[in-house]
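Structure assessment
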Amino acid sequence: MQCVELNSGTQIKGAAGIIETKGLHHVYRGHEGDTHALGGIDIRIEEGDFVAIIGRNGSGKSTLAKHFNAILLPTEGRVLVLGMDTRDTGLLWSIRQAVGMVFQNPDNQIVATVIDEDVAFGPENLGVPTPEIAERVDAALRQVNMLALRHHAPHLLSGGQKQRVAIAGVLAMHPKLLVLDEATAMLDPVGRAEVIETILALRSIAKMTTVLITHHMDEAVLAHRVIVMDEGRVVASGTPAEVFAQPELLESLGLDVPLAAKLAKELIRSGLSLPEGILTAAQLVDSLCQFN
Amino acid sequence: MSMLQNVTLGQYFPGTSVVHRLDPRTKLGLALAYIIVLFIARTGLSYSVLALASAGIVLLSEVPIKLVLRGLRPILMILSLTVVLHVFTSREGVELVSFWFIRIYSGGVIQGFMLAFRLVLLVLSTSILTLTTSPIALTDAIELALRPLRRFGVPAHELAMMMTIALRFIPTLLEEAEKIMKAQLARGADFESGGLLKRAKSLLPLLIPLFISAFRRADELAMAMEARCYRGGEGRTKYKVLAYSRLDLYAAMCFTAVGVVALAL
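No experiment lies behind these values; they were computed from the predicted model shown. (Residues numbered from 1 in each chain as written. Chains lettered and ligands numbered in written order. Predicted model: local features only at pLDDT ≥ 70, side-chain atom pairs only at ≥ 80, totals over all residues.)

**Points about the overall build of chain A**
Across its full length, chain A holds eleven helices and eleven strands. Here chain A has a C-alpha radius of gyration of 20 Å; the compact-globule value for 292 residues is 19 Å, and the two agree. Dimensions of chain A, computed from the C-alpha atoms along their principal axes, are close to 65 × 45 × 40 Å. Each of the 292 residues in chain A was classed as buried or not, and the buried ones make up 46%. (Helix = DSSP H or I, 4+ residues; strand = E, 2+ residues; numbered from the N terminus. Rg over C-alpha atoms; globule rule 2.2 N^0.38 Å. Buried ≥ 20, exposed ≤ 12 C-beta atoms within 10 Å, placed from the backbone.)

**Focus on the overall build of chain B**
Scanning chain B from N- to C-terminus turns up twelve helices and two strands. Mapped from its N terminus to its C terminus, chain B presents α and β elements in the order α-α-α-α-α-α-β-β-α-α-α-α-α-α. Taking 18 Å as the expected radius of gyration for a compact globule of 265 residues, we find that chain B reaches 24 Å, considerably beyond that expectation. Once the C-alpha set of chain B is aligned to its principal axes, its extents read approximately 70 × 55 × 40 Å. When each of the 265 residues of chain B is scored for burial, the buried share is 21%.

**Considerations on the interface of chain B and chain A**
Contacts between chain B and chain A engage 25 residues on the former and 36 residues on the latter. When contributions to the side of chain B that touches chain A are tallied by element, the ones reaching two or more residues are α9 (156-186) and α11 (204-227) of chain B. For the side of chain B that touches chain A, the element with the highest residue contribution is α11 of chain B, accounting for seven residues. Class assignment for the residues of the side of chain B that touches chain A results in 13 nonpolar, four polar and eight charged. (Contact = placed C-beta atoms within 7 Å. Nonpolar A, V, L, I, M, F, W, Y, C, P; charged D, E, K, R; others polar.)

**Observations regarding helix α7 (residues 106-132) of chain B**
Residues and elements named next belong to chain B. Counted at 1.5 Å a residue, the expected span for α7 with its 27 residues is 39 Å, and the 39 Å between its end C-alpha atoms agrees. Listed as buried for α7 are Gly108, Gln111, Gly112, Leu121, Leu124, Ser125, Ser127, Ile128, Leu129, Leu131 and Thr132. Considering only its buried residues, α7 is in contact with α2 (18-21), α3 (24-40), α4 (44-61), α5 (65-70), α6 (76-89) and β2 (102-105). (Expected span 1.5 Å × (residues − 1).)

**As for the confidence of the model for chain B**
Residue and element names in this part refer to chain B. The pLDDT averaged across chain B works out to 86; a share of 96% of its residues lies at or above 70. By mean pLDDT, the top-scoring element of chain B is α11 (93), and the lowest-scoring one is helix α1 (residues 2-5) (40). In this model residues 1-8 is a low-confidence stretch, pLDDT under 50, and it forms five contacts with partners more than four residues away in sequence or in other chains. (pLDDT = per-residue confidence, 0-100.)

**Digging into the environment of Ala153 of chain A**
Residues and elements named next belong to chain A. Considering the arrangement of structural elements, one finds Ala153 in the loop between α4 (130-143) and α5 (159-171). C-alpha separation for the pair Ala153 and Ser270, spaced 117 residues apart in sequence, amounts to 53 Å. Setting aside anything within four residues of it in sequence, one finds Ala153 in contact with Thr113 and Val114.

**So, the sheet that holds strand β9 (residues 209-213) of chain A**
Residue and element names in this part refer to chain A. Judged by pairing direction, the sheet is mixed, and its six strands sit side by side in the order β7-β8-β9-β4-β10-β11 without closing on themselves. The sheet terminates laterally at β7 (99-102) and β11 (233-238), the two strands that pair on one side only. Taking the axes of each pair of neighbouring strands and ignoring which way they run, one obtains an average angle of 20° across the sheet. In terms of strand pairing, strand β10 (residues 225-230) meets β11 through five bridges, oriented antiparallel. (Pairing = 2+ DSSP bridges. Axes fitted to C-alpha atoms, helices over the stretch in contact; angles between N-to-C directions.)

**With respect to the environment of Gly29 of chain B**
Secondary-structure assignment places Gly29 of chain B in helix α3. With 112 residues separating them in the primary sequence, Gly29 of chain B and Ala141 of chain B have C-alpha atoms 9.5 Å apart.

So this is what it looks like as structure tokens:
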């Protein structure tokens, strides 16, 4: 079996986005009838994008993510990854190499008994030559700031550290897109902060195209674009400022508005002249510090 | 709860001695060869040479003698049984004791102790192997050793991958077992009183959740592995490649000398 790797030298054909879904439907077939998990999704993710997908449990956000690297295949419609159709089984491994995915449970995605061996797992599977694997492992561990613990056993790490190792394991495969499928859902606040910091660093240094699936609104506001899903459909999409300016809509979907945004709104209502569109704690602190 | 903490992963004793630095394939091969020589050897002199060699390796390995001897504890029963059976049943050699219905002959005593000695050496040599080789290195060595047998349908890579994953998840599952145990204790479960049957039964509320969780983990791990392009051993490269050094050559030469001397005597 030949491994096709997309180096920077390979031209991505035409103006294909990193991900393009066209009329994507997904139906889970079960014993007690079928579940229509996705009902016609049309989205496009461009190179360099930072997209957050939010929605309550069962809204279809994780199902959608699993279509990005062909873990699930469309019941109807199409998913194109760098122009490659996920239904084409010949392209499966190229697609999985291009789209790196980090899952929810930190324990259930680390394969090896030592950190650096686990990061090497992906490149080994791709058939990367041995000296280059070593370089990739070093680089990936440095990117997530875990180089010092490279010889440790995974079960001795904290949840946040495990997820950073999982991110390194994906980075070592040189993906075009990083998908984090509720990667912070099982972490404590410290671990969450670690992972988010890592993602932001990857964004600013490596310009990594990122899809963040989350139900933490304070994580979603960090993205450039927020896609809100409910019952298998996209119900809202736009910049965080646009999306979180609709608290009624979010509330009706069982979602929260970020705490800082809520507080800013209350402060404005009680007469403080704050600017509109405050979403993060940092922005709120900034504006409050302008008062003297 | 201490019962779960006492479970050690293999019995690897980390170190940087000459024995530790040998290639795991060399150690695996030499341990096997040692066992074969042990079974061919017939005379007491041969055994003495082999025992001396073992003692030398133990000293070189810098592993505490206590740890090495601990490996013998599980076979103490078998050892005493071997000696007793031979001493009381054999009818070879000169009669030593004749009392009531008990007859002990010299042949039986010699045979019994020779066999016990052989067992001790056998266990010691494998102990040294596992004490000085990390489980991962051993897995690698086994994969490489089995690779030629792939032609006959031996799934070398798959076996090694299974061993690696088992090693990876043993601590995780132990931790989980402890958590479940505490949860069940908090609900009034009793794991420690009653007869054997009752105690075995009381383990069910521990084992069933543990199994269900293990299956869920396996499912998720398989998905994560596939997402990272895992598709079996075909076309896979290795991050850490085992390499023989001059040390391995010396070890093999020393061993051959010992083997020849032991068999010649």
